[in-house]
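If you want the building blocks of each chain, they are given just below.
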Amino acid sequence: MASVAIIGTGYVGLVSGACLADFGNTVTCVDLDKNKIDLLKKGEIPIYEPGLADVVTRNTALNRLRFTDSLPEAAAKSEVIFIAVGTPPSEDGSADLSYVENAARAIGRIINSYKIIVDKSTVPIGTAGKVKRWLKEEIAKRVECGDLKEGEADFDVVSNPEFLREGAAVQDFTHPDRIVIGTDKERARTIMKDVYRSLYLNETPYIETNPESAEMIKYAANAFLAVKISFINEIANLCEKTGADIRDVAKGIGRDGRIGGKFLHPGPGYGGSCFPKDTRALVRTGRDAAFPLSIVEAAILANEEQKNRMVIKIENALGTLHGKTIAVLGLSFKPNTGDMREAPSLTIIRALTAKGVRVRAADPAAIAEAKWRLKSIAASIEFFEDEYEAMAAADALVIVTEWNQYRNLDFDRIKKLLSAPVLFDLRNIYTRKDMEEKGFSYHAVGQ
Ligand code: NAD
């Protein structure tokens, strides 16, 4: 088992750190955000992620998991250093590598024995080479001024992309479909296998490849899934025009083993911290290589249109939106997370309020983040922990995110709360027949 440092204790860093400790490694998680580290030291988990608290508590008690805001302290005592910092989108769509560069240079300024530097962040093809160069530059400066002898701070860079899904992150990290290890160095590959030894024993498939292919695997996987979502959303929209029902269509095509039934659920468009930025970054890479990725570009465009289409759907059904009050259930980009990054709810709510709607919104985990992300329209939106409170005297109910607690709502109660029984079920969790029997005007996606 290895001694591991994780730089960046966000969704990926914290889950990776806690789970790698659970596999038996000794892990130190680092973050620049002192508040986050202080919370973790007190045993509090800064993000909403089912099951994570147990893993963190267990491994902290076993002394296998520690937290610090000192990168030098964590890196000095670790043989394997994961970089799990953010790679947010730049203006031109490319991934902003400044956090990765800062982390890599900080490592280069302090290492004094052999280390493996692991790119866990999602980074464009060629980044492992850049990380190597940044480290070398910092090491060369130290050699030049006599702080370090030539060859004393040897290192290898490995690309080890992460495929966990927020909301199921612990399960995904501990039961992955595959582990991708991108390196040309046997020594690094052997140590990486040791870090993941528990999974190796469970016969998790390992994809051993070069760093460029590992980096491409991550982008290609996310782009494929985004394309699949935009594809089913377009077919759903066509169903609405032609009398077909997307639920049967999805079932009918999903039973085909070549297609598979997952990611065939139409809705208000994809969001989150990965698909939007990763598809844009891949498009940028394609354009930079003079090889535009027309399918991915079309998927991005279709996704933007899908979010707006939801607003048009609501407007068409309600007539004028000005002066209306609408209850919105579900703010996070998907259930079981408090993450609001690029959530479709943001586009939908901003568009509704721009048309003069007052929004009453509920979410089990995302209200705190939604409040600051939507502060420019704070005068037009109220937040409620309780979904039924959000519905009081609203002119319609819109389900944007399919949290479990919204799957079995009490519609007799809702009918009394709403000023008109109108439901926009943007996740197709109810059926038209049931809702019409209960006296609701029912609007779904692709039916
Ligand atoms: P995040 O924003 O939740 O966390 C990043 C953390 O890094 C922050 O806490 C930040 O303070 C810290 N940080 C930045 N620079 C630092 C430095 N120099 N030293 C120490 N800490 C530093 O991001 P995330 O969602 O965990 O994503 C991290 C990476 O993983 C991204 O590249 C993302 O694309 C990728 N990824 C994310 C997911 C996901 O579901 N969130 C899944 C797979 C891959």
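Just so we're clear, the structure is a prediction, and the values are computed from it rather than from any experiment.

As a further point, take the overall build of the protein. Secondary structure summary: the protein contains 18 helices and 14 strands in total. Its C-alpha atoms give the protein a radius of gyration of 24 Å, near enough to 22 Å, the size a compact globule of 447 residues would have. C-alpha extents for the protein along the principal axes are approximately 75 × 50 × 40 Å. Residue burial in the protein is summarised as follows: out of 447 residues, 53% are buried. Sequence separation of 24 or more characterises 73% of the internal contacts of the protein that already satisfy a separation of 6 or more. Surface exposure of the protein reaches about 19,800 Å², of which carbon and sulfur atoms provide 51%. Of the side-chain charges in the protein, 59 are positive and 62 negative, and the distance between the mean point of each set is 1 Å.

A few words on the pairing of strand β1 (residues 3-7). The buried count for β1 comes to four of five residues, which makes it a mostly enclosed element. Pairing analysis gives five bridges linking β1 to strand β2 (residues 26-30), with the strands arranged parallel. Its bridge partner being in β2, Ala-5 is matched across the sheet by Thr-28. In this fold, β1 hands off to helix α1 (residues 11-22), which returns the chain to β2; that crossover is right-handed. Where β1 lies against strand β4 (residues 80-83), four bridges are found, and the strand directions are parallel.

Outside of glycine, negative phi angles account for most residues, and trans bonds account for most peptide bonds. Positive phi outside glycine occurs at Glu-203, with the angle close to 65°. Glu-203 sits in the exposed class, given a relative accessible area of 68%. Notably, Ala-393 is not glycine yet its phi reads approximately 60°, a positive angle. Tracing the chain through its elements places Ala-393 in the loop between α16 (387-390) and β12 (396-399).

Every one of the 24 residues lining the ligand counts as a neighbour, but Asp-31, Lys-36, Thr-87, Glu-166 and Lys-277 are closest to it. Between the ligand and Lys-277, the relevant distance is 2.6 Å, taken from an oxygen atom to a side-chain nitrogen or oxygen of the residue. When isolated, the ligand has an accessible area of 830 Å², and the protein chains bury 89% of it. For the shell around the ligand, the per-class residue count stands at ten nonpolar, seven polar and seven charged.

Looking at the secondary structure, you find Arg-109 in the loop between α5 (98-108) and β5 (115-119). Each C-alpha atom, one on Arg-109 and one on Ala-84, is 18 Å from the other, the two residues being 25 residues apart in sequence. The residues contacting Arg-109, other than those within four sequence positions of it, are Glu-138 and Arg-142.

About the cut-offs
Residues numbered from 1 in each chain as written. Predicted model: local features only at pLDDT ≥ 70, side-chain atom pairs only at ≥ 80, totals over all residues. Heavy atoms only, no water. Helix = DSSP H or I, 4+ residues; strand = E, 2+ residues; numbered from the N terminus. Rg over C-alpha atoms; globule rule 2.2 N^0.38 Å. Buried < 20%, exposed > 50% of the residue type's maximum accessible area, 1.4 Å probe, protein only. Contact = heavy atoms within 4.5 Å. Areas by Shrake-Rupley, 256 points an atom, 1.4 Å probe, with all protein chains shown as cover. Lys, Arg positive; Asp, Glu negative; His and termini not counted. Charge placed at Lys NZ, Arg CZ, Asp CG, Glu CD. Pairing = 2+ DSSP bridges. Right-handed = clockwise from strand over helix to strand, strands pointing away. Near = heavy atom within 4 Å. Polar contact = N/O pair within 3.5 Å; in protein donor to acceptor, adjacent residues only side chain to side chain. Nonpolar A, V, L, I, M, F, W, Y, C, P; charged D, E, K, R; others polar.

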